[in-house]
Amino acid sequence: AQRVTQPEKLLSVFKGAPVELKCNYSYSGSPELFWYVQYSRQRLQLLLRHISRESIKGFTADLNKGETSFHLKKPFAQEEDSAMYYCALRELGDSNYQLIWGAGTKLIIKP
Amino acid sequence: DAGVIQSPRHEVTEMGQEVTLRCKPISGHNSLFWYRQTMMRGLELLIYFNNNVPIDDSGMPEDRFSAKMPNASFSTLKIQPSEPRDSAVYFCASGLAGAGELFFGEGSRLTVL
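Residues numbered from 1 in each chain as written. Chains lettered and ligands numbered in written order. Predicted model: local features only at pLDDT ≥ 70, side-chain atom pairs only at ≥ 80, totals over all residues. Heavy atoms only, no water.

All names here are of chain A. Topologically, Thr5 is positioned in strand E1 (residues 3-5). Classification of Thr5 as partly exposed rests on a relative accessible area of 36%. Linking Thr5 and Ser26, residues 21 residues apart in sequence, is a C-alpha distance of 8.3 Å. The contacts of Thr5, once residues within four sequence positions are left out, are Lys22, Cys23 and Asn24. (Helix = DSSP H or I, 4+ residues; strand = E, 2+ residues; numbered from the N terminus. Buried < 20%, exposed > 50% of the residue type's maximum accessible area, 1.4 Å probe, protein only. Contact = heavy atoms within 4.5 Å.)

Following this line, the structure appears as structure tokens:
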């Protein structure tokens, strides 16, 4: 079955501590992976995608095809990182744009 | 561009009433998606349109739900009759097919009493 798994519903870390939000996937094709973020009272928005290989707001994510993972990492968490994070997947180059979503992880950064 | 615009932002209604949610996608986008978000089930795709044509409505819960896209700049999601279990935040999103990024509206929070 094709799925995206975010094993943690809630992750709470202290400000300044490293953060890792886990995302594992099961997919038979060539996946394109995304992280979307939803800050409180704001719309869901793209944070980063694996093909861009960017660092956004200090976050990075590397696609590990061997472990079928796309974990989101930040070395030093900030309070403004508190948000809901969704991992999502689609077929690379898919023109129909079917996204498979994880269940989301709520990240709380404690002061 | 103001982004994807949804209305109403909040709706409180009684069981059995008809609910209509509206969405204006970003101009030029050719794909439109309706999602439902709940604490229990996370983000669920209800239906998506490509060039105003419904491509996949397998996520629509039941016949009480219907969606239309009469033109490239407007879509509606209708629930008739509404039930308390329909209470959720409904998101509309648009994108360019194949481009890789979805742009979401701010959502419509529906409460059915």
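Read on, since the account is not over.
The next subject is the state of the cysteines. Taken as a whole and judged by the stated rule, the model has two disulfides over all chains. Across the disulfide from Cys23 of chain A sits Cys87 of chain A; the S-S distance is 2.0 Å. Judged by the torsion about the S-S bond (-65°), the Cys23 of chain A/Cys87 of chain A disulfide is left-handed. Residue Cys23 of chain A is located in the loop between strand E3 (19-21) and strand E4 (24-26), and its partner Cys87 of chain A is located in strand E9 (residues 83-91); the two are separated by 64 residues in the primary sequence. On the basis of relative accessibility, which here comes to 0%, the residue Cys87 of chain A falls in the buried class. For Cys23 of chain B, the disulfide goes to Cys92 of chain B, at an S-S distance of 1.9 Å. Judged by the torsion about the S-S bond (-70°), the Cys23 of chain B/Cys92 of chain B disulfide is left-handed. With Cys23 of chain B in strand E3 (residues 19-24) and Cys92 of chain B in strand E9 (residues 88-95), the pair connects residues that are 69 residues apart, well separated along the chain. Each member of the pair Cys23 of chain B and Cys92 of chain B is classed as buried. (Disulfide = S-S within 2.5 Å.)

Counting from both sides, the interface comprises 25 residues of chain B and, opposite them, 18 residues of chain A. Taking both partners together, chain B and chain A bury about 1800 Å²; carbon and sulfur atoms supply 46% of that area. Considering only the surface of chain B that becomes buried against chain A, Leu43, Gly100 and Phe104 of chain B emerge as the three largest contributors, covering 27% of it. At the boundary of chain B and chain A, one finds one salt bridge. We note a salt bridge from Arg43 of chain A to Glu106 of chain B, for which the minimum N-O separation is 3.7 Å. Mapped by element, the contributors of at least two residues to the side of chain B that touches chain A are strand E4 (31-38) and strand E5 (42-50) of chain B. Looking at which element gives the most residues to the side of chain B that touches chain A, the answer is E5 of chain B, with five residues. (Buried area = accessible area lost by both parts, 1.4 Å probe. Salt bridge = Lys/Arg side-chain N within 4 Å of Asp/Glu carboxyl O.)

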